[in-house]
Amino acid sequence: MPELGNLALAIALILAVYSIVANIYGVRRNAPDFVVSARHAIWSMCAMVTIAVVVLWVALLRSDFSLEYVASYSSTTLPTAYKITALWAGQQGSLLLWTWLLAIFTSVAAFQNRRRNPDTAPYALAVLAGVAIFFLLMLNFVTRPFDLLATIPAEGADLNPLLQNYWMAIHPPSLYTGYVSTSVPFAFGAAALMTGKLDDGWIRSTRRWAIFSWFFLSLGNIFGARWAYEVLGWGGYWAWDPVENAAFMPWLVMTAYLHSVMIQERKDMLKVWNLSLIGLAFGLTLFGTFITRSGVISSVHSFTESGLGPYFLSFLVAVTLAYTALLIFRSKQLRSPAEFESYLSREAAFLFNNLILVGITFAVFWGTIFPVLSEAVRGVKITVGPPFFNRVIAPLALGLVFLTGIGPLIAWRRTTADNLVRSFAAPVAIGVATGIACAAAGLRQWYVLTAFSLGAFVIGTVLVEFRRGMNARRHMMAEPRAKALVNLVAKNNRRYGGYVIHVGVIVAFVGIVGSSFFRTEVKKSVHEGDSFTIGSYRLRFLGFTEVDTSHFASATARVEVLGADGREITVMKPAKLFYIRAQQPATEVAIRSTPLSDLYVVLAGIDESGQTATLEVFLTPLVFWLWAGGLLMVLGTVIVMWPNVRERAAIATVLSRSSAATGDLADLAAPGGD
């Protein structure tokens, strides 16, 4: 079997090289047979990489310790689910997963473009194959997943205990999907530069890919935060760790890109900016992989280190230089005759939104690499911690939230003072009322008051937009409210799905602010029967329950939670585990989550007598809304990506029939639409 895996990867590399040659030759010599042949080579490459993945999975499930990878990341006692997730637990396996996803996405792009984009698709597929070649070279010659051990051990080293969690099956695949899928819009952007086809065709061809990538980057970040919250046992979910930052930066840039492409589609502006953003997003995915694999920056999330860093850095530099050279070469053709007409316009709001997002990205990038730069220049590694990120990014986040409310209601080209008053009177009133209510409730921190007020302002703008759209439909179609709402979203899903995403972002933002400013922490050592309070809860330690298995030993503390009235609410069970094969301890936290607050209990220690437990307890307000906001973002993205052609044609028909309501429906159909 290992020989089959090595052979499959070698053939995949040959096929990737052939697809580049055939694609370029076919499109330049007007030889469609070669282009078709290249497409077949891409699909065959995907099949070969799939075979390699299956071979490694079979080896993990069979505990074939003749393979170095299996012996390093598995054991006979490891549960089957974790043997499957061990595929991406180590260096070689995670690169194999990267390559597999890239091969799948390249194959899908080849299928989608078999009859369209004949001028640019071959170049884009060649770029994707070029990226695949880099990873296949790594897998064939540098970090081989099918290397054999000279002596076969009787037992494997087991999987890192922190990775023996159900989030291991969810978070890495989500994040990798987001990372790898940025390759497709990047490849089409590069193809546009190579061919000189610089209109918005490449944007429209890859719009769903960009949304798909943003969607999975969002999921990857949210899932990663939830994983850290449940596993690391410090009561938080985000620590500005380099690996967290590496996942956050592409999401920021893709968010900016998804807003700025609307300006190019409607105003034929920002061509250089959009091409730069998609190039930056792809480069940051490589940078993130470089950070994770190189070990140049310390991280609690980096589970593999190797000598792969220089290869990734070289590839990143080569891609950056080549792409920048193409941008410079096409700079004259990328100039747009259109100009901004007013700062009081939607395109200006989107531009400021982009500048803030890129500014946050730069701040995160600077804080991430500063320890490396300080060590290189001064010989001392100076770590940049959360205070730096919070101080720099917190005010920028407020500006971003403000623009999230401004953008949907302000008109394209320019707007008047009367329009501003008419559009923003209700949202501003909602925001001010929220601020006054929060102050009356006793909140005094200026940042919290401002954040909650701006959040309410944005929700108000979304409500105003939904109300305007529903009223227009009820006027034109005589629909009841519920039907008007459903049809409004269904028939302009890109626009209203985007509003749902905005609501999700604001809900998550409120959760972040609330959980960051008002967290309470108590640490107590208690004997059986002892109790203590935190907030309105009283916690009573009831004793330990011990379990021994062939895989791990555990001690679970039973903690009774009582309400203010003395009645039992629940019994929480935080635990300490010790994994036998890995000889490593782990913590299992207990969380009771409500919309108002999370009660988070950690078994921090057990004394030598086994009678005293040290409990660390956090009471964190509003953190529930961080995850709820993530779910709303998922819902909004599903709405945005839902196919919709017939309904837009129907609205156009109605528009042509009804001149009386032209203003309302034109506004319904156009702003923010496709």
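Residues numbered from 1 in each chain as written. Predicted model: local features only at pLDDT ≥ 70, side-chain atom pairs only at ≥ 80, totals over all residues. Heavy atoms only, no water.

**Section: the overall build of the chain**
No. 1: Secondary structure assignment for the chain yields 22 helices and ten strands.
No. 2: Taken against the 2.2 N^0.38 rule, which gives 26 Å for 674 residues, the C-alpha radius of gyration of the chain at 27 Å falls within 12% of a compact globule.
No. 3: When each of the 674 residues of the chain is scored for burial, the buried share is 56%.
No. 4: Put simply, 72% of the contacts in the chain that link residues at least 6 apart link residues at least 24 apart.
No. 5: Computing the positive centroid from 52 side-chain charges and the negative centroid from 40, the chain places the two 12 Å apart. (Helix = DSSP H or I, 4+ residues; strand = E, 2+ residues; numbered from the N terminus. Rg over C-alpha atoms; globule rule 2.2 N^0.38 Å. Buried < 20%, exposed > 50% of the residue type's maximum accessible area, 1.4 Å probe, protein only. Contact = heavy atoms within 4.5 Å. Lys, Arg positive; Asp, Glu negative; His and termini not counted. Charge placed at Lys NZ, Arg CZ, Asp CG, Glu CD.)

**Quick look at the packing of helix 14 (residues 346-378) against helix 15 (residues 386-409)**
No. 1: Between helix 14 and helix 15, the least distance of the axes is 9 Å, while the angle of their chain directions is 160°. Between helix 14 and helix 15, the interaxial angle falls into the category roughly antiparallel. Viewed along their axes, helix 14 and helix 15 form a crossing whose handedness is left-handed. (Axes fitted to C-alpha atoms, helices over the stretch in contact; angles between N-to-C directions. Parallel < 35°, antiparallel > 145°, perpendicular 65-115°, else oblique. Left-handed = near helix turned anticlockwise from the far one by under 90°.)

**Details of helix 11 (residues 242-267)**
No. 1: Along its 26 residues, helix 11 runs 38 Å from first to last C-alpha, staying within 8% of the 38 Å computed at 1.5 Å per residue.
No. 2: Within helix 11, 25 of the 26 residues are buried, which leaves the element mostly enclosed by the surrounding structure.
No. 3: For helix 11, the capping residue at the N-terminal end is Asp 241, with a side-chain oxygen 3.0 Å from the backbone nitrogen of Val 243.
No. 4: Where helix 11 ends, the next residue or the one after it, Asp 268, has phi of about 55°, a positive value. (Expected span 1.5 Å × (residues − 1). Polar contact = N/O pair within 3.5 Å; in protein donor to acceptor, adjacent residues only side chain to side chain.)

**Considerations on the packing of aromatic side chains**
No. 1: Counted by the stated rule, this structure contains 45 aromatic pairs.
No. 2: Arranged with centres 5.2 Å apart and planes meeting at 80°, the rings of Phe 134 and Phe 135 form a pair that is edge-to-face. In terms of burial, Phe 134 and Phe 135 fall into one category: buried.
No. 3: Ring centres of Phe 552 and Tyr 579 lie 5.7 Å apart, and the angle between their planes is 50°; on these two criteria the pair is classed as tilted. Of this pair, Phe 552 sits in strand 4 (residues 552-562) while Tyr 579 is found in strand 6 (residues 575-579), placing the two residues 27 residues apart along the sequence.
No. 4: Among the aromatic residues, those joined into a ring-pair cluster are Trp 214, Trp 238, Trp 240, Phe 248, Trp 251, Phe 388 and Phe 389.
No. 5: Against the face of Phe 111 rests Arg 114, its NZ or CZ located 3.7 Å from the ring centre. (Phe/Tyr/Trp six-rings, centres within 6.5 Å; stacked < 30°, edge-to-face > 60°. Lys NZ or Arg CZ within 6 Å of the ring centre and 35° of its normal.)

**Digging into unusual backbone geometry**
No. 1: Of note in the backbone geometry, Trp 240 takes a positive phi value of approximately 55° without being a glycine.
No. 2: The topology assignment puts Trp 240 in the loop between helix 10 (207-231) and helix 11.
No. 3: Look at Leu 622: it is not a glycine, yet its phi comes out positive at around 65°.
No. 4: The residue Leu 622 is located in the loop between strand 10 (613-621) and helix 20 (624-641) in this model.

**Looking at the pairing of strand 8 (residues 590-593)**
Along any regular strand, the residues point their side chains to alternate faces of the sheet.
No. 1: Inspection of the sheet shows strand 8 paired to strand 9 (residues 597-606) by four bridges, in the antiparallel sense. Residue pairing across strands places Ala 590 opposite Val 601, the latter belonging to strand 9. (Pairing = 2+ DSSP bridges.)

**Section: the nonpolar core**
A general trend in soluble globular proteins is that nonpolar side chains are found buried together.
No. 1: Ranked by internal contacts, the top residues of the largest apolar core, which has 131 residues, are Met 45, Leu 56 and Tyr 257.
No. 2: Apart from the residues lying within four places of it in its own chain, the contact partners of Tyr 257 are Trp 202, Ile 203, Thr 206, Ala 210, Asn 274, Leu 277 and Ile 278.
No. 3: Grouped together as the second largest cluster of nonpolar side chains are 22 residues, Ala 397, Leu 398, Val 401 and Phe 424 included. (Core = buried A, V, L, I, M, F, W, Y, C linked by side-chain atoms within 4.5 Å.)

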